[in-house]
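Examining the three-dimensional arrangement
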Amino acid sequence: MKSNKWLTSSITKAVATVVFAATASTSVWAADAQPIVIKFSHVVAKDTPKGLAADFFAKKAAELTKGRVKVEVYPNSTLYKDKEEMEALQVGSVQMLAPSLAKFGPLGVKEFEVFDLPYIFDGYDDLHKVTQGKVGQELLAKLEPRGIKGLAFWDNGFKSMSANTPIHVPDDLKGKKLRIQSSKVLEDQMRVLGAIPQTMAFSEVYQALQTGVVDGTENPISNFYTQKMNEVQKYLTLTNHGYLGYAVIVNKKFWDGLPSDIRTELTQAIKEATDYGNSIAKSKNDEDLQAVIKAGTTTVYTPTAAEKKEWKKTLLKVHKDMESRIGASTIKAVYQATGFDPAKM
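Residues numbered from 1 in each chain as written. Predicted model: local features only at pLDDT ≥ 70, side-chain atom pairs only at ≥ 80, totals over all residues. Heavy atoms only, no water.

Here the focus is the overall build of the protein chain. A count of helical and extended segments in the protein chain gives 14 helices and nine strands. With the C-alpha coordinates of the protein chain rotated into their principal frame, the extents come out at 100 × 40 × 30 Å. For the protein chain, the residues scored as buried account for 49% of the 345 residues in total. For the protein chain, long-range pairs separated by at least 24 residues make up 76% of all intrachain contacts whose partners lie at least 6 apart in sequence. Carbon and sulfur atoms provide 53% of the accessible area of the protein chain, an area that totals close to 16200 Å². Averaging the coordinates of the 45 positive side-chain charges in the protein chain and doing the same for the 39 negative ones gives two points 5 Å apart. (Helix = DSSP H or I, 4+ residues; strand = E, 2+ residues; numbered from the N terminus. Buried < 20%, exposed > 50% of the residue type's maximum accessible area, 1.4 Å probe, protein only. Contact = heavy atoms within 4.5 Å. Areas by Shrake-Rupley, 256 points an atom, 1.4 Å probe, with all protein chains shown as cover. Lys, Arg positive; Asp, Glu negative; His and termini not counted. Charge placed at Lys NZ, Arg CZ, Asp CG, Glu CD.)

The structure is reproduced here in C-alpha cells:
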C-alpha cells in the first residue's frame, strides 16, 4: 500500500513538473515572440478624421492584444499613393487600408459607387442607416471574392465645391476643369454640371491647383484645409452635394490566418476606432471650416434655399444615368433605407 502511495505521489509530481515547464516555456515564448505587424497605409493627413481614427486604432490594437499586434500607420501617401495602394493590399505588401469608397468601382465592385451619387444622403443620420445597417454589410461582403475583408465604414464628410471664380449655381462651373478621384459617377456628375472632369491622385491636387492644371475640385472641408487648398483656391461653396467616406479593409488571407483571439480583439479595436472617428468627423470639418474662414484667403459661400434646390434638381440626373452601372436594385435599397424619394426633389 505504501509503495502504491509513493508511486502515485511520484507520478503526480512528475505531471505537475511537466505542466509547469510547459506553462513556463509558453510564457517565455509569448514574452519573447515578435508582435504581428500590420502596415496601415492611407493618403490623407494625420489630423483628418481618417488619420486620427487610424492612429486611434493602432493604439487600441496594441492595448487590447497586450502588445501582440503592432499597427504601423503610414499617412499622407508616404507608403503608397491612391493608384498603388489597392494592388499593394491584394498582393500582401500592406495589410490594411481605408480607401475612399470610389476606389471599389475600378476593382469591379461597382455597387460601392452608390456612395458617390450626389445628394443621395441628407446628412449623417441617413448615411448611417446605410453604412451601419444591412445594406452596408452586404456591400462589404462583395469584396471577399477579391481577396479583401471589409471591416467597417469610416466617415470623412460631405463635399463642397471650390474654384478661383465665384460658385453660386451649377452654371458657374461650366467649362471648368475640376479634379475628381477615379469614379465614373463623379465623371458624370461633373459633365452634368458642364464641367470637365480631371482624374488625378489626391497627393497631386495642391500642385495642380497651384499651377492651373485644374481650376477647382470637390472635397470635405477637412481635406480642403489640411491639404492647404485654401492657399490656392479663392472660392469655396458649401454645396454638401456628395459624401466622402472610407471602407476599412484588410488582406483577407492575412486576416483569416490570424489567431481567432487576435481577430476578436482587432474587431473590437476597429469598432472603437469607428465610433471615435465617426464621432469627430463632423466636428473636425466644422473646426476646419472656421480655420479656412479665419485664414482669409478663400471666400466661403453658403447657397440660398433656392440655389440649393437648383443644385439638387440638376444633379439628380446622375442617379438615373448611373442605374445601369451601379445597379437599380442597389440604388433602390439605399432609397428604402434612408427614405429618399427622388420624385420629391
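Attention now goes to the pattern of salt bridges. Between side chains of opposite charge, a pair can form as their charged atoms come close. Scanning the model with the defined rule gives 21 salt bridges in all. Its salt-bridge partner being E63, residue K60 comes within 3.0 Å of it at the nearest N-O pair. Of the two residues, K60 and E63 both sit in helix α2 (residues 49-64), three residues apart, roughly one turn of that helix. Taking the relative accessible area as the measure of exposure, E63 reaches 44% and is therefore partly exposed. Between K142 and E111 there is a salt bridge; the shortest N-O distance is 3.8 Å. Highlighted residues: K142 in the loop between α5 (134-141) and β4 (148-163) and E111 in the loop between β3 (96-97) and α4 (124-131), separated in sequence by 31 residues. The exposure class of K142 is partly exposed, given its relative accessible area of 35%. (Salt bridge = Lys/Arg side-chain N within 4 Å of Asp/Glu carboxyl O.)

Another point: the environment of T297. Relative to the helices and strands, T297 is located in the loop between α10 (260-295) and β9 (299-301). Separated by 65 residues in the primary sequence, T297 and V232 have C-alpha atoms spaced 8.3 Å apart. Excluding residues that lie within four positions of it along the chain, T297 makes contacts with N230, E231, Q233 and K234. Within the structure, T297 has its side chain in polar contact with the backbone oxygen of N230 (distance 2.8 Å). (Polar contact = N/O pair within 3.5 Å; in protein donor to acceptor, adjacent residues only side chain to side chain.)

F104, F112, F115, L117, F121 and I249 are the most contacted members of the largest nonpolar core, which has 51 residues in total. In terms of nonpolar packing, the next biggest core, distinct from the first, is built from 40 residues, I38, L244, V248 and L266 among them. (Core = buried A, V, L, I, M, F, W, Y, C linked by side-chain atoms within 4.5 Å.)

Relative to strand β2 (residues 69-74), strand β1 (residues 36-41) is paired through six bridges, and the arrangement is parallel. Across the sheet, I38 pairs through a bridge with V71, a residue of β2. Crossover β1 to β2 through α2 is right-handed. (Pairing = 2+ DSSP bridges. Right-handed = clockwise from strand over helix to strand, strands pointing away.)

So, about the packing of α2 against α10. The geometry of α2 relative to α10 is characterised by a closest axis approach of 8 Å and an angle of 150° between their N-to-C directions. Between α2 and α10, the angle is such that the two are roughly antiparallel. In the packing of α2 onto α10, the handedness of the crossing is right-handed. Contact residues: P49, L52, A53, F56, F57, K60, A61 and L64 in α2; E265, L266, Q268, A269, I270, E272, A273, Y276, G277, I280, A281 and K284 in α10. Considered class by class, the residues forming the contact of α2 with α10 number 14 nonpolar, two polar and four charged. (Axes fitted to C-alpha atoms, helices over the stretch in contact; angles between N-to-C directions. Parallel < 35°, antiparallel > 145°, perpendicular 65-115°, else oblique. Left-handed = near helix turned anticlockwise from the far one by under 90°. Nonpolar A, V, L, I, M, F, W, Y, C, P; charged D, E, K, R; others polar.)

Here four bridges tie strand β5 (residues 177-180) to strand β6 (residues 196-199), and the two strands are oriented parallel to one another. Paired with R179 across the strands is Q198, a residue of β6. Note on the crossover from β5 through helix α6 (residues 184-192) to β6: the handedness is right-handed. By the bridge criterion, two bridges tie β5 to strand β7 (residues 216-219) in an arrangement that is parallel.

Along the chain, the position of A306 falls in helix α11 (residues 305-315). For A306 and T267, which are 39 residues apart along the polypeptide, the C-alpha to C-alpha distance reads 45 Å.

This part is about the side chain of H241. Checked against the element boundaries, H241 lands in strand β8 (residues 235-251). At a separation of 2.7 Å, a polar atom in the side chain of H241 contacts the side chain of E218. Among the polar contacts made by the side chain of H241, one reaches the side chain of T239 at a distance of 2.7 Å. Apart from residues no more than four positions distant in its own chain, H241 is found in contact with P118, Y119, K159, S160, M161, Q189, E218 and L315.

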